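Close look at the chain arrangement
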Number of protein chains: 2
Amino acid sequence: MNSNAGGDLRAFFEPGSVAVIGSLREGGGLGYTVVKNMRQFNFTGRIYPINPSVNETFGLKVYPDVGAVQDQIDLAIVITPRQTVPGIIDQCAQKGIKAAIVVSDGFAETGESGARLQRELVETSHRTGLRIVGPNTVGILNTDNGLVTNPYFISYDKILKGNVAYCSQSGIVGAQGQPLKDQAYPISKMCDLGNKCDVNEVDLLNYLSQDPQTRVIAMHIEDVKDGHKFINTVRRVVAHKPVLILKPGRTERGAKASASHTGSLAGSDRIYDAALRQAGAIRLNTWREFWEIPRVFVNQPLPKGNRIAIITITGGVGVASVDTAEECGLAVADFSPVTVNRLSRLSPQLASNPVDVGPIIPTLDNPWPVLEETIAAVLDDPNVDCVTATLYISSGEEIPVYMDIFDRVMKKVTKPMSIWIYGTELAAMEELLRKLQERGLPAYLDIELAIKSLATAAHYSRVKCGLNHGDLGISKFRVS
Amino acid sequence: MNSNAGGDLRAFFEPGSVAVIGSLREGGGLGYTVVKNMRQFNFTGRIYPINPSVNETFGLKVYPDVGAVQDQIDLAIVITPRQTVPGIIDQCAQKGIKAAIVVSDGFAETGESGARLQRELVETSHRTGLRIVGPNTVGILNTDNGLVTNPYFISYDKILKGNVAYCSQSGIVGAQGQPLKDQAYPISKMCDLGNKCDVNEVDLLNYLSQDPQTRVIAMHIEDVKDGHKFINTVRRVVAHKPVLILKPGRTERGAKASASHTGSLAGSDRIYDAALRQAGAIRLNTWREFWEIPRVFVNQPLPKGNRIAIITITGGVGVASVDTAEECGLAVADFSPVTVNRLSRLSPQLASNPVDVGPIIPTLDNPWPVLEETIAAVLDDPNVDCVTATLYISSGEEIPVYMDIFDRVMKKVTKPMSIWIYGTELAAMEELLRKLQERGLPAYLDIELAIKSLATAAHYSRVKCGLNHGDLGISKFRVS
């Protein structure tokens, strides 16, 4: 185990050794799939498969139970039929294991008999100090060490290592539920808390706030165990890392659905909403926002204010961008005289914000230097705090050119940028998005997201600076 | 020209012969590209390339001017330097051409000298009866006859023929600006009105309302020439076809940006907003909604009410779906006793809405019949007006299975459905989306869009039935 990291949950995310307890049936066994996934992502620790009726899997010795393993086990991953779980958790505690992820379902979410089994887990946890994530979870993923506890087959073999922690109370935030490779989300950790019989959102926030690989936390929550403690923890974390929250149950019927999904009652949404905003958390409204907006925080400085420059290739989208910017609390920057001059030298048509390079491009044999100089000019403007630039792509052959431009531009960038990509070939657009993300540039296929992401960064920047929450930039902010 | 269609704009959309007037320089000439695009999309009419310094292009005889063509020309496509355009338009009128698309830019959108040229075009139009679309436009596309007037290279060779007309005041709504093939938007017509020196949004609505290929109209507008007339026209069209409107300029700064983009002043947004809603138009807020929501109207009946059934594979998304549904005016249906029984026979866990098949699937060797029966059961329920179903896809090998299921389900469907697709491979998800769309099923990669599209259909259904606009379903409706 990495000994220089802090927090109670280290064993869950940074185990030196794991036991995988479940069916090792080749092909479809859930334990088999966990081992397979971990090997696919090159887990750096030792793996001890546990099963009484198998001798070997993936060339690894299989043990009949955790007690039969001589070495220390940092983390147990339990994926067995629910009625067997309490006994296995008890064995884990006896073996001295400090952390267990109960992937199995059929507990409090299904009714009284499941709830009774779940209470047994909690009792063992309280009695022995063994911490439990779950049950009813796909568990944890860590791009730093290749840990993945997901019992479902993952069709891809690479996840971009980055600095966003995605947390949830649903398996949808899991490697089996998202095209993580194709979307190039820059991930540090993922954690599905499941039924939260023990480890909850507060523990997780405390751990992630200390995690050096995590710079931004995106959290999907349906219910909160201790609202007061949660809000206080959020406030503490927000002081140094942004916390973005997707919390369904906004409507009465949604809250009711949430209760039946996780087996616990959600509080009044209006109260949470006010408390979360007061604590400096940022509330998201859609799953797309949940996945996409955190990108903006990963590799860039925070904007020093809310003034945006918009570089577009299409006037129509330029106008729509202004609406979006203003509606989520950004101000369309008025360029300084120096910038106006600099842009006018390229073309008099370029000297106002949004800068529409669309009409200029077809008139030039080589439009790239104009695009590059336009980006550089607005980034240099002291009246500009952040920039959204547009890239058009057709066949994909433009990609190396764009990479060259941004390799140069990025060296001089001290302000956050986002990129909106549009074009005629979806695969080329997605490829460009990935290439930009690999360089740390947040890119989007929706102009509204490209702008909202910067609005979110500007909002967080103000919160962090402790500015008056009642002022215009904050009160007008909303991401929807 | 198709003689059985009505409306003033037939020559623009259904010409038997076109003249393409512009540079025929191989590779990059704008006229050359128009001809190339038209041949790529198998335009069914005759093409007369016009250029004084070329004899032949693409095996077609080139004429020095339109006067040199003996045959009738239904439509002229003009893509020459702006100062030459008034003279060419005059020649077109003398030749007896009734319709011209002026693709060239540099007119009212650039200042006074351009505005003067534009006025010359208007004068010729008034004097001779020649109708003009543009200037400053990518013009028109018609999937029924392969007409495309776009002067930019289009990298793909196929557009799904369908029943959505996409209209705009921006080149972004053009074949060179969107991955039309990859997204499988079911398109009837596209039209960029550009500067609207003559043909405007009212003319276009009147034409599209008569167009048998168009069942739904999505319209991006920045300014309106005659607000009163426009609203009255919208009201008339809405009585038989839905009109979805994306109108930027919602903020003061956005309205200002709009003015400088199109050279005309937008009216107060609040007034338009109220008038549009009163007329039964549906206001959209994002470009993604503009492209995606119309799908829902193409091949399906309208919902008879606002009660939705949600079939999910992930409880977390199920809860979020309920919020989205309620927030845009849908009601989560309470299943009839018959449906509850039918679903309970599959599993007691399935008997409530949202129906979460997630926990059941891993317990079954063959989960498909359960999914199919679940969909069939909720579609049969008299308490259900529309359905959103979830499909999960990994490698893509599930596609034929899903197609089989929906081929059977679709035969019995008398209610609108939308599909939310999620999974681990973006390309497979997009392929499944296309395959479903080709069968007329609207599919989405965002659960919120899958639900909002049905909310939009339910809203329009009420508008069309002339129900009281003040009732709950309407007043709560919003798409954002």
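Attention here is on the structure that accompanies the text. A quick note: this is a predicted structure, and the numbers were derived from the prediction, not measured. (Residues numbered from 1 in each chain as written. Chains lettered and ligands numbered in written order. Predicted model: local features only at pLDDT ≥ 70, side-chain atom pairs only at ≥ 80, totals over all residues. Heavy atoms only, no water.)

Here we look at the sheet that holds strand 8 (residues 140-142) of chain A
The strands making up a sheet associate through hydrogen bonds between their backbones, and the pairing can be parallel or antiparallel. Residues and elements named next belong to chain A. Which entries qualify depends on this criterion: Any two strands between which DSSP finds at least two bridges are classified as paired. Secondary structure follows DSSP: runs of H or I at least 4 residues long count as helices, runs of E at least 2 residues long count as strands, and numbering of each begins at the N terminus.
Overall, mixed pairing links the seven strands, which are arranged 9-8-11-10-12-13-14 in an open sheet. Each end of this open sheet is capped by a strand with a single partner; those strands are strand 9 (147-148) and strand 14 (282-284). Sheet analysis places strand 10 (residues 161-168) next to strand 11 (residues 187-192), joined by six bridges and oriented parallel. Bridge pairing in strand 11 places cysteine 167 opposite cysteine 191.

Comments concerning the pattern of salt bridges
As a reminder, the rule being used: For this document, the term salt bridge refers to a Lys or Arg side-chain nitrogen within 4 Å of an Asp or Glu carboxyl oxygen. Buried residues are those whose accessible area, probed at 1.4 Å on protein chains only, stays under 20% of the maximum for their type, while exposed residues exceed 50% and partly exposed ones sit between those limits.
Applying the stated criterion across every chain yields a total of 48 salt bridges over all chains. Between Arg295(A) and Glu292(A) there is a salt bridge; the shortest N-O distance is 2.9 Å. For the pair shown, Arg295(A) and Glu292(A) are each scored as buried. In this structure, Arg277(B) and Asp273(B) form a salt bridge, with 3.0 Å as the shortest nitrogen-oxygen distance. Of this pair, Arg277(B) and Asp273(B) both sit in helix 9 (residues 269-278), separated by four residues, roughly a single helical turn. Among the charged side chains, a network of salt bridges with common partners joins Lys196(A), Glu201(A), Asp223(A) and Lys225(A).

What to know about the interface of chain B and chain A
Rules: The contact criterion used throughout is that any non-hydrogen atoms of two residues lie within 4.5 Å. Once two parts are brought into contact, the accessible area they lose, counted with a 1.4 Å probe and summed over both, makes up the buried area. Any pair of N or O atoms that falls within 3.5 Å is considered a polar contact. Within protein, one atom must be able to donate a hydrogen and the other to accept it, and sequence-neighbouring residues count only if both atoms are side-chain atoms. Ten residues, namely Ala, Val, Leu, Ile, Met, Phe, Trp, Tyr, Cys and Pro, are considered nonpolar, four, namely Asp, Glu, Lys and Arg, are considered charged, and the remaining ones, Gly among them, are considered polar.
Facing 61 residues of chain B, the contacting portion of chain A comprises 61 residues. Between chain B and chain A lies a buried interface of about 4600 Å² when both sides are counted; carbon and sulfur atoms form 53% of it. Of all residues in chain B, the largest losses of buried area upon contact with chain A belong to Arg253(B), Val319(B) and Leu426(B), amounting jointly to 14% of the total for that side. Its salt-bridge partner being Arg253(A), residue Asp334(B) comes within 3.4 Å of it at the nearest N-O pair. Taken together, chain B and chain A are joined by 23 residue pairs in polar contact (both at pLDDT 80 or more). For the side of chain B that touches chain A, the element with the most residues is helix 11 (residues 315-327) of chain B, which contributes 10 residues. Residue composition of the side of chain B that touches chain A, by class: 24 nonpolar, 24 polar and 13 charged.

Let's talk about the sheet that holds strand 13 (residues 243-246) of chain B
Across the sheet, seven strands lie side by side as 9-8-11-10-12-13-14 (chain B); this open sheet has mixed pairing. Strands with a single pairing partner mark the edges of an open sheet, and in this sheet they are strand 9 (147-148) and strand 14 (282-284) of chain B.

By themselves, these observations are geometric and do not establish any function.
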